[in-house]
Amino acid sequence: MIQREFIGRHTCDSPEWYTPSDYVEAAREVMGTIDVDPASHEEANRTVKAATFFTAEDDGLKQSWGGNVFLNPPGGKDDSKTSLVVRFWRKLMSEWGLCHVEQAIWIGYSLEQLQTMQGVSFKSPLDFPICVTSKR
């Protein structure tokens, strides 16, 4: 059986996207620690090892985030009909603007996502340092 922690799954079939472990380790190396993963679950946290993580049932959008945040946002839409990616970006910018978030790593896999995020908050992902991987 292939362990999900090594697979980056970004599809329209599921809102759950597993971050490849080498991306997680790079984020930990940059930030030092991962204090909060606001869009996760127990299986994913075996790789991320966040001090605090929120599952879909916890609804990370309703929680307070602080410290170093690692965020690979879920896909799809919720009851508000707004993209969850957009809602998680707005939440991250809100927590950052309130000085709750010290550092953050946002995992985004497409130029389309970057285009979608333009104008949805007072900051866009392009206002911050960006890393583009050699593979998707």
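See the structure above.
Counting restarts for each chain, with residues numbered from 1 along the sequence as it is written. Whole-chain, interface and lining totals are the exception, using all residues; otherwise, since this is a predicted model, local features are given only for residues with pLDDT of at least 70 and side-chain atom pairs are given and counted only at 80 or more. Computation of side-chain values covers all heavy atoms of the structure but excludes hydrogens and water.

**What about the layout of surface pockets?**
Next, step 1: The method works on a 1 Å grid over the protein atoms by themselves. A cavity is a set of points holding a 1.4 Å probe that cannot get out, a pocket is an open set with protein on both sides within 12 Å along at least five of seven lines, and residues with an atom within 4 Å of a point line them. Grid points are joined across faces, edges and corners, and a volume is the space filled by probe spheres set on the points. Here the largest pocket defines a volume of roughly 1000 Å³.
Next, step 2: If you trace the largest pocket, you find 32 residues lining it, with Ile-105, Trp-106, Pro-129, Ile-130 and Cys-131 closest to the centre.
Next, step 3: Elements represented by at least two residues in the lining of the largest pocket include exactly α1 (21–31), α3 (84–97), β4 (101–106) and α4 (111–116). A run of H or I in DSSP counts as a helix once it spans at least four residues, and a run of E counts as a strand once it spans at least two, with each numbered from the N terminus.

**What to know about α3**
Next, step 1: With 14 residues, α3 should cover 20 Å at 1.5 Å per step; its first-to-last C-alpha distance of 20 Å lies within 8% of that length.
Next, step 2: The buried label goes to any residue with under 20% of its type's maximum accessible area, the exposed label to any with over 50%, and the partly exposed label to all in between, with areas taken from a 1.4 Å probe on protein chains only. Three or more residues of α3 are buried, namely Leu-84, Val-85, Val-86, Phe-88, Trp-89, Lys-91, Leu-92, Met-93 and Glu-95.
Next, step 3: Residue contacts are counted whenever heavy atoms from the two residues lie within 4.5 Å of one another. Check the buried side of α3 and you find it contacts β3 (67–71), β4 and α4.
Next, step 4: By the criterion applied in these results, polar contacts are pairs of N or O atoms within 3.5 Å in which, for protein atoms, one can donate a hydrogen and the other can accept it, and in which residues neighboring in sequence qualify only through two side-chain atoms. The residue sitting at the N-terminus of α3 and contributing the capping side-chain oxygen is Ser-83; that oxygen lies 3.2 Å from the backbone nitrogen of Val-85.
Next, step 5: Cys-99 sits one or two positions beyond α3 and adopts a positive phi of about 65°. Multiply 1.5 Å by the residue count of a helix minus one, and that product is the helix's expected span.

**Side note on the pattern of salt bridges**
Side-chain pairing between opposite charges can occur once the charged atoms of the two side chains come close.
Next, step 1: What makes a salt bridge here is a side-chain nitrogen of Lys or Arg within 4 Å of a carboxyl oxygen of Asp or Glu, nothing more. Evaluation of the coordinates by the stated rule reveals three salt bridges.
Next, step 2: The partner of Glu-25 in a salt bridge is Arg-28, and the shortest N-O contact between them spans 3.1 Å. Taken as a pair, Glu-25 and Arg-28 lie in helix α1 at a separation of three residues, close to a single helical turn.
Next, step 3: Across the salt bridge formed by Lys-62 and Asp-59, the nearest N and O atoms sit 3.9 Å from each other.
Next, step 4: Residue class for Lys-62 comes out exposed when judged on its relative accessible area of 69%.

**Observations regarding the packing of aromatic side chains**
Next, step 1: Two aromatic rings, drawn from Phe, Tyr or Trp (for Trp, its six-membered ring), form a pair once their centres lie within 6.5 Å of each other, and the interplanar angle then sorts them: stacked below 30 degrees, edge-to-face above 60, tilted otherwise. Applying the stated criterion across every chain, the model contains five aromatic pairs.
Next, step 2: Taking the centre distance of 6.2 Å and the plane angle of 15° together, the rings of Trp-96 and Phe-122 count as stacked. Of this pair, Trp-96 sits in helix α3 while Phe-122 sits in the segment after α4, and the two are 26 residues apart along the sequence.
Next, step 3: Pairing Trp-96 with Phe-128 gives two aromatic rings, centres 5.3 Å apart and planes at 85°, and the pair type is edge-to-face.

**Re the nonpolar core**
Next, step 1: Counting 17 residues, the largest nonpolar core has Trp-65, Val-69, Leu-71, Phe-88, Trp-89, Leu-92 and Trp-106 as its most contacted members.
Next, step 2: Contributing elements (two or more residues each) for this core: β3, α3 and β4.
Next, step 3: Take this core: its biggest share by element is seven residues, from α3.
Next, step 4: If near-sequence neighbours (up to four positions away) are discounted, Leu-92 is found in contact with Trp-65, Val-69, Leu-71, Val-101, Ala-104 and Trp-106.
Next, step 5: What we call a nonpolar core is a set of buried Ala, Val, Leu, Ile, Met, Phe, Trp, Tyr and Cys residues that are connected through their side-chain atoms within 4.5 Å. If you look at the next biggest cluster of nonpolar residues, it comprises eleven residues, including Val-24, Ala-27, Val-48 and Phe-70.

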